[in-house]
Amino acid sequence: MTSNQPEGTPTWIDLAVSEPDQARAFYRAMFGWDYRLVRTSTGDQSICLLRDQPVAAFRHTSTPGGGASRWRMYFATEDCDDASRRVAASGGTVLEPPVEMLDLGRVAVAEDPTGATFGLWQGRALVGAEVVNEPGSLVRNDLLTPDPEPARVFYADVFGYTLDRNEDLPGADFTFLRRPDGYEIGGIFGSPGAAPAWATLFEVADTDIAVKNAVAAGGTAAAPEDSPYGRTAVLTDPAGTEFSVITRP
């Protein structure tokens, strides 16, 4: 990616970490990432690099365990302030109002009506993840929530998504989210009992090897499973952050 993605496209991810060295070692073992330290008004960050291109970031925090159990996903927006107003008008909550992050971009953090947190990213020097949809990088985000209907209404209002069911998974309460141009940006899983959260899926060259690498690097892993879209596994890093990997056909 060399320019800002269209409004409402997942474009950036970051993770709060209380032990940056541990996080850097684990994700280097998983994805081959290198790192660049940047100091912002909100604290230090490690920019995660794949072939010297940004793919994610670690937000350094003093909170034990990193203060989060999920990666935070940011939607691309042309106007962070306007998008924040739409979030509030549509029933969401702006947790952190728009702020400049050096010359990288203008950023806000919000919560949808079901309680899932997400970010807004108005890219400047950093357009977001510059490598996506290949091994070692972000490939997809889906919302898991026990109350999917308010989420469907909210995100359609804020970003103008159209909604349709997934006929590949007839037994699942799953809704595709599509930009106005028809491009699929993710989906919403109705999952009773789930904690509302945007799940993060990374692509890998071999899911079974990724599972072994995660365990060897101090994380944990569920057994790989096959789906219509590829071979997946749910992993947990040493700090307790859950994410998934996939090898696509």
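Each remark here, short or long, concerns the structure printed above.
Structure report, in brief.

How each quantity is defined
Residues numbered from 1 in each chain as written. Predicted model: local features only at pLDDT ≥ 70, side-chain atom pairs only at ≥ 80, totals over all residues. Heavy atoms only, no water. Helix = DSSP H or I, 4+ residues; strand = E, 2+ residues; numbered from the N terminus. Buried < 20%, exposed > 50% of the residue type's maximum accessible area, 1.4 Å probe, protein only. Contact = heavy atoms within 4.5 Å. Areas by Shrake-Rupley, 256 points an atom, 1.4 Å probe, with all protein chains shown as cover. Lys, Arg positive; Asp, Glu negative; His and termini not counted. Charge placed at Lys NZ, Arg CZ, Asp CG, Glu CD. Pairing = 2+ DSSP bridges. Axes fitted to C-alpha atoms, helices over the stretch in contact; angles between N-to-C directions. Salt bridge = Lys/Arg side-chain N within 4 Å of Asp/Glu carboxyl O.

Attention now moves to the overall build of the protein chain. When you go through the protein chain residue by residue, the secondary structure sums to 4 helices and 17 strands. Considering only C-alpha atoms, the protein chain reaches an extent of 45 × 45 × 35 Å along its principal axes. Counting every position in the protein chain, which comprises 249 residues, the buried fraction comes to 49%. Across the protein chain, every contact between residues at least 6 apart in sequence was considered, and the portion connecting residues at least 24 apart equals 58%. Of the roughly 10,800 Å² of accessible surface on the protein chain, 51% is carried by carbon and sulfur atoms. Positive and negative charge centroids in the protein chain, built from 20 and 35 side chains respectively, lie 3 Å apart.

Attention now moves to the pairing of strand β17 (residues 242-247). Note that strand β13 (residues 197-203) and β17 share 3 bridges and pair parallel. Bridge pairing in β17 places Leu-201 opposite Ser-244. If you look at the hairpin formed by strand β16 (residues 230-236) and β17, you'll find 5 residues sitting between the two strands, and Gly-240 has a positive phi there, around 100°.

This part takes up the sheet that holds strand β7 (residues 105-111). Judged by pairing direction, the sheet is mixed, and its 8 strands sit side by side in the order β2-β3-β4-β1-β5-β8-β7-β6 without closing on themselves. The two strands at the open ends of the sheet, each matched to only one other strand, are β2 (34-40) and β6 (93-101). When the angles between neighbouring strand axes are averaged without regard to direction, this sheet yields 25°. Two elements, β6 and β7, share 6 bridges in a ladder whose sense is antiparallel. By the bridge assignment, Val-99 is partnered in β7 with Val-107.

Moving on, we get to the pattern of salt bridges. Taken as a whole, this structure holds 19 salt bridges when the rule is applied. The partner of Arg-70 in a salt bridge is Glu-242, with the nearest N and O atoms 3.5 Å apart. In this pair, Arg-70 sits in the loop between β4 (53-60) and β5 (72-76) while Glu-242 sits in strand β17, placing the two residues 172 residues apart along the sequence. On the accessibility criterion, Arg-70 (23% relative accessible area) is partly exposed. Where Glu-184 meets Arg-140, a salt bridge forms, and the shortest distance between an N and an O atom there is 2.6 Å. In this pair, Glu-184 sits in strand β12 (residues 184-190) while Arg-140 sits in strand β9 (residues 138-145), placing the two residues 44 residues apart along the sequence. What makes Glu-184 partly exposed here is its relative accessible area of 27%. We classify Arg-140 as partly exposed; its relative accessible area is 22%. One connected set of salt bridges, linked through shared partners, spans Asp-81, Glu-100, Arg-106 and Arg-124.

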